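# Structural description and commentary
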Amino acid sequence: MADVTTSQILKDHAKAYAIKLTNISDGTGETDVIKIDASALVANTGLSAERLTITKLFWSVASGTSATMSPRITLKWAGSSNTTIVTLTGSGYWDLSTGGQCPLTNNASSPTGDILLSTTGFTANAAYTVVLEGRKVAGYASRETTDDGVSP
């Protein structure tokens, strides 16, 4: 068996993206799985210089069959040397788009623009739901309207 995972694109236009990720684990977990392929997002210029930021995070990480282990997920920027963005456990909401806060920016060496996810401590029936929202800051062509005709 394998973990049951889903990825749903909630928003993808020239300047911004949002994605919902879920997992119900069989205990095998995930290791450095590409969850956001920056080159597959709308308005990619194809020049391998994609850069994303994260402006909002919503998460819920639930324990499985272990009463003693707190499962957690780690998000990383992909590159020649992957760098940790954040490690999440429990549930919460982080809005970096208000109050003069800075977004989480890509600091990987030779970045690909992709966002990776790994799980730790996932036993059978452990689960997560994560919603990431952010901006496209490099490697994307800007347009006045999005694919759905709405101004970004």
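We now turn to the structure provided with this report. What you see is a predicted model, and the numbers here were worked out from it, not measured in a lab. (Residues numbered from 1 in each chain as written. Predicted model: local features only at pLDDT ≥ 70, side-chain atom pairs only at ≥ 80, totals over all residues. Heavy atoms only, no water.)

### A word on the environment of Thr-22
If you trace the backbone, Thr-22 turns up in strand S2 (residues 16–26). As for Thr-22 and Asp-114, which are separated by 92 residues in sequence, their C-alpha atoms are 18 Å apart. Setting aside anything within four residues of it in sequence, one finds Thr-22 in contact with Val-4, Thr-5, Thr-6, Tyr-128 and Thr-129. A polar contact of 2.3 Å, which involves the side chain of Thr-22, links it to the side chain of Thr-6. (Helix = DSSP H or I, 4+ residues; strand = E, 2+ residues; numbered from the N terminus. Contact = heavy atoms within 4.5 Å. Polar contact = N/O pair within 3.5 Å; in protein donor to acceptor, adjacent residues only side chain to side chain.)

### Describing the environment of Ala-40
By secondary structure assignment, the location of Ala-40 is in the loop between strand S3 (33–36) and strand S4 (51–54). A residue is classified by how much of its surface remains accessible, and Ala-40, at 59% relative accessible area, is exposed. Separated by 74 residues in the primary sequence, Ala-40 and Asp-114 place their C-alpha atoms 9.6 Å from one another. (Buried < 20%, exposed > 50% of the residue type's maximum accessible area, 1.4 Å probe, protein only.)

### Some details on the pattern of salt bridges
Considering all chains together, one arrives at 4 salt bridges under this definition. The closest approach of N and O atoms between Glu-133 and Lys-11, which form a salt bridge, is 3.1 Å. Taken together, the residues span a long stretch of sequence, with Glu-133 in strand S11 (residues 124–138) and Lys-11 in strand S1 (residues 4–12) at a distance of 122 residues. A residue is classified by how much of its surface remains accessible, and Lys-11, at 28% relative accessible area, is partly exposed. Residues Lys-35 and Glu-30 are paired through a salt bridge, measuring 2.8 Å at the closest nitrogen-oxygen approach. The same class applies to Lys-35 as to Glu-30, namely buried. (Salt bridge = Lys/Arg side-chain N within 4 Å of Asp/Glu carboxyl O.)

### Let's talk about the sheet that holds strand S10 (residues 115–120)
What the 4 strands build is an open sheet, ordered S3-S10-S6-S7; its pairing is antiparallel. The open sheet has two edge strands, S3 and strand S7 (83–88), and neither has a second partner. Geometrically, the sheet is characterised by an average inter-axis angle of 35 degrees between neighbouring strands, direction not taken into account. Where strand S6 (residues 72–77) meets S10, 6 bridges bridge the pair, whose relative direction is antiparallel. Paired with Thr-74 across the bridge in S10 is Ser-118. (Pairing = 2+ DSSP bridges. Axes fitted to C-alpha atoms, helices over the stretch in contact; angles between N-to-C directions.)

### Let's talk about the nonpolar core
Counting 30 residues, the largest nonpolar core has Leu-52, Ile-54, Leu-57, Ile-115 and Leu-132 as the members making the most contacts within it. Looking at this core, the elements with two or more residues in it are S2, S4, strand S5 (56–62), S6, S7, S10 and S11. Here this core takes 4 residues from S11, the largest share from any one element. (Core = buried A, V, L, I, M, F, W, Y, C linked by side-chain atoms within 4.5 Å.)

### Observations regarding unusual backbone geometry
The backbone of Asp-32 sits at a positive phi, close to 45 degrees, despite the residue not being glycine. Topologically, Asp-32 is positioned in the loop between S2 and S3. Not every positive phi belongs to a glycine, and Asn-125 is a case in point at roughly 75 degrees. Relative to the helices and strands, Asn-125 resides in strand S11. Take Asn-125: its relative accessible area is 52%, and that puts it in the exposed class.

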